[in-house]
Every structure is written in structure tokens, then in C-alpha cells.
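Overview (structure and organization)
One-letter residues, chain by chain:
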Amino acid sequence: MSLYTLPLARLVETFQKLPGIGPKSAQRLAFHVLRQPMAEVRQFADALIEAKNAIGECGVCQNLSAQSPCEICVNAQRDAGIVAVVADPQDLLALERAGSFHGRYHVLHGLISPMDGVGPDDLKIRELLARLTPDTAGVAPVREIILALPPSIEGDATTLYLTRLIRPLAILLTRIAFGLPAGGELDYADPLTISRALEGRREVS
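Keep in mind that this is a model prediction, so the values were computed, not measured.

Attention shifts here to unusual backbone geometry. A cis amide bond, omega 0 degrees, links Ser 68 with the succeeding residue Pro 69. Its place among the elements puts Pro 69 in the loop between strand E2 (64-65) and strand E3 (79-86). Backbone geometry at Gln 62 places phi at a positive 70 degrees, although glycine is not the residue there. Following the sequence through the fold, Gln 62 ends up in the loop between strand E1 (56-57) and E2. Classification of Gln 62 as buried rests on a relative accessible area of 5%. Non-glycine residue His 109 carries a positive phi angle of around 60 degrees. Within the secondary structure, His 109 sits in the loop between strand E4 (103-107) and helix H5 (125-131).

Tallied over the entire structure, the rule returns 4 salt bridges. Taking the shortest distance from any N to any O, the salt bridge between Arg 78 and Glu 96 comes out at 2.8 Å. Here Arg 78 is found in the loop between E2 and E3, whereas its partner Glu 96 is found in helix H4 (residues 89-98), with 18 residues between them in sequence.

Taken together, the side chains of Phe 44, Leu 48 and Ile 49 define a hydrophobic patch exposed on the protein surface, amounting to about 310 Å² of accessible area. One can find Leu 48 in helix H3 (residues 38-54).

Analysis parameters
Residues numbered from 1 in each chain as written. Predicted model: local features only at pLDDT ≥ 70, side-chain atom pairs only at ≥ 80, totals over all residues. Heavy atoms only, no water. Helix = DSSP H or I, 4+ residues; strand = E, 2+ residues; numbered from the N terminus. Buried < 20%, exposed > 50% of the residue type's maximum accessible area, 1.4 Å probe, protein only. Salt bridge = Lys/Arg side-chain N within 4 Å of Asp/Glu carboxyl O. Patch = residues over 30% accessible without salt bridge, like charges linked within 9 Å, V, L, I, M, F, W, Y side chains within 5 Å. Areas by Shrake-Rupley, 256 points an atom, 1.4 Å probe, with all protein chains shown as cover.

Structure, rendered in C-alpha cells:
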């Protein structure tokens, strides 16, 4: 028998489906919502629905945005010749917070992970390669690809796979240096560490 009345039990269960939210945190969030005025609860619900309906993937870089091309891709101040490849939108935000990267991005939406059933075809790799196709004059629109992927087994596997695809295109391929422990995530790194990682990037051998 549930400890909660049915609507409350459903609310707790819904919060518990969120990443990083355990039973106790879900319970606290549920009771917090119930203590809020109805107007604030409606505002919260409306924000969720609006974000879900309005936000999609940029047709160029695959970042999450309410417009396509996204705000970064249409920014003439950004260097279109340098593209940082990141695993997730959160990693893009981490690089933006550091404020030291002024190129553009490509979001893979994951990393190669056979154990989790994630292969190259599940990522936005095809879209990345399309951006590297030379124009009619034989000039590649991108002169450097920076692999800003985590130093993990999945990150290394993805780096190796992308290296095999990109190296024949004669585009400079670099990987950021990490002042992070193995398995560290960009999203949790401080801006100074990220800036130094970008500055210390090395060509992929």
C-alpha cells in the first residue's frame, strides 16, 4: 500500500524519473510544488510545455535551440572555420561559460558506447561530415576540428572513430588538453580549466 494519496504518489514517481533525483529528493520536490500557489504551478507547467514544443535541434550544429540555424551559427562574430565537437549541449554551455572559444560547434548528442547500445549511427556524425565537404572551388569550409570530448572510454572511442573519418579530409584535427581526472566531464569543469584545455589543445596523432 502506498504511503501517499494517489495523485501525490504519481507526482513523486514523475520527479523520480528525472536524472539524479532519488526517492527523498522526489518527495521534497513534490511537497514543494504542493505548497506553491496555483499561479506559480501553472507557470512552471507552462514553461515545461513551451520549452518542449519550441526547442529543437539546429539544422547546422545540432545544438538545442528555438531557431534554426541557432543563435551561435548565425553570429557573424564567430569563426566558422573552427568547429568544436562536443558530446552534449551541456558541454557546449560549459565552453561558452569559459568565454575563451569564439568558433562554432557541433553537438553529437552522445558518445559511442557499445555497452549501452550506442553506435556511430546513433550520433550526429553524418551531419558533421556534411559540414566538412569542400565547396565547388575545392576549399573546405572548416579548417580545424577541435574534439572537446571527455577523457573516458566512450570519449576515446568516439575520438578514434572521428579521427579515422576526418584525417583523410586534410583538416587540422586537435583534441583539448584536460586538467581533469579520467572520466571527468566538461560540464563540471571550472571556466579556467576549460580555457587552459582549449589553449593547450594538441593535434591528434
